[in-house]
Amino acid sequence: MASLLVLLSVVACAHAWDYMLFEQQWAPGTCEGGSKVDLSLSSQQFGKHHHHSAGDKTCTIPTGASTGFTIHGSWPTKIGTEGPNYCNDTWQFSIDPIKDLVPDMDVYWPSLYGPNTDFWSHEWDKHGVCAASVFALNSEHKFFSFVLGMREQHDLKKYLAIGNVVPNAAQGYSLRNMTETIKNSLGATPLLICKQADGTQYLVAAGMCISPGLQIIECDPTVFSETGNECHSSTPIIFLPHHGGK
């Protein structure tokens, strides 16, 4: 009987979400002008997955953060719905299980709007506990370690550089060029997110879809149709450099 319950639990969990939406953000574009960007500009793409609230805090790139793309989040999603979110209110974030990951998380998963631990807590409590329906992600350590590994494996700054798309405040790139350049290395079509300011279009983030088997897959078409913050093909995209030109 016990084994049957376990089996039924596994089957139910297998259908808890259809894919995870893994977003890497480009901090110079997000923080252009020190603007108080509501990173719910990433909230509308990927089925409206919200960043922890920025409130009135100014976007700031922390000292020691990577000068590559950094992690925004990895969000389980059921096609045609928002979420699942907050799947287990009793399984709250604790820093203790991931202490060994903190040095890397400070570099590759920094908050642009406040303490890193607040950001990580939000990502675990809202999204990580839902991802945990997959055995390979069924602990804080497994979840955060996996997402860090995906960022390392899919270094978007390196992917873009292969196609000679490098940060440049003066030269814009076409949406097609940037999309195809990433796709050539990623093996799937990315979703690029931009913000518009004073007639200029800035790259803010790029996302990709991950199957419950934890492989990169083509995103469901709804991912591309539901965002209100996609990059416009008619306007060059500015891929801003970090201060110091890195």
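Scope of this entry: the structure provided in the associated data block. What you are looking at is a predicted structure, and each value in this text was computed from that prediction instead of being measured. (Residues numbered from 1 in each chain as written. Predicted model: local features only at pLDDT ≥ 70, side-chain atom pairs only at ≥ 80, totals over all residues. Heavy atoms only, no water.)

**Considerations on the nonpolar core**
The line we're drawing: For the purposes of this section, nonpolar cores are sets of buried Ala, Val, Leu, Ile, Met, Phe, Trp, Tyr and Cys residues that join through side-chain atoms within 4.5 Å. The rule is simple: take the accessible area with a 1.4 Å probe, protein chains only, and divide by the maximum for that residue type; under 20% is buried, over 50% is exposed, in between is partly exposed. What makes two residues a contact is simply this: any of their non-hydrogen atoms within 4.5 Å.
Membership of the largest hydrophobic core comes to 48 residues, with the highest contact counts inside it found for Trp109, Phe144, Met178 and Phe239. Once you skip the residues sitting within four places of it in the chain, Met178 turns out to touch Leu160, Val165, Tyr173, Leu192, Leu203, Ile237 and Phe239. By size, the runner-up hydrophobic cluster in this structure holds 10 residues, among which are Leu21, Leu191, Ala205 and Cys219.

**With respect to the state of the cysteines**
Rules: The disulfide criterion is simple: two cysteine sulfur atoms within 2.5 Å. Numbering of helices and strands starts at the N terminus; helices are DSSP runs of H or I of at least 4 residues and strands are runs of E of at least 2.
Tallied over the full model, the rule gives 4 disulfides. At a sulfur-sulfur separation of 1.8 Å, the disulfide partner of Cys31 is Cys59. On the sign convention where negative is left-handed, the bridge of Cys31 and Cys59, at about -65 degrees about the S-S bond, is left-handed. Residue Cys31 is found in the loop between helix H2 (27–30) and helix H3 (45–48), and its partner Cys59 is found in the loop between H3 and strand E2 (70–77); the two are separated by 28 residues along the sequence. Cys59 sits in the buried class, given a relative accessible area of 5%. The disulfide partner of Cys87 is Cys130, and the S-S distance across this bridge is 2.0 Å. Across the S-S bond of Cys87 and Cys130 the torsion is about 105 degrees, and the bridge reads as right-handed.

**Description of the environment of Asn138**
Applied cut-off: What qualifies as a polar contact is a pair of N or O atoms within 3.5 Å, subject to a donor-acceptor requirement within protein and to the restriction that residues adjacent in sequence count only when both atoms come from side chains.
Mapping Asn138 onto the fold places it in the loop between helix H5 (116–131) and helix H6 (140–153). Separated by 10 residues in the primary sequence, Asn138 and Gly128 have C-alpha atoms spaced 8.6 Å apart. Residues within four places of Asn138 in sequence aside, it is in contact with Trp91 and Ala132. For Asn138, the side chain forms a polar contact with the side chain of Lys142, separated by 2.8 Å.

**Focus on the pairing of strand E4 (residues 191–197)**
Using the following cut-off: Strand pairing is assigned whenever DSSP identifies at least 2 bridges connecting the two strands.
Burial analysis of E4 places 5 of its 7 residues in the buried class, which makes it a mostly covered element. Examined bridge by bridge, E4 and strand E5 (residues 200–210) share 7 bridges and lie antiparallel to one another. Pairing of Ile193 across the sheet is with Ala205, part of E5. What sits between E4 and E5 in their antiparallel hairpin is a turn of 2 residues, with Asp198 showing a positive phi close to 55 degrees.

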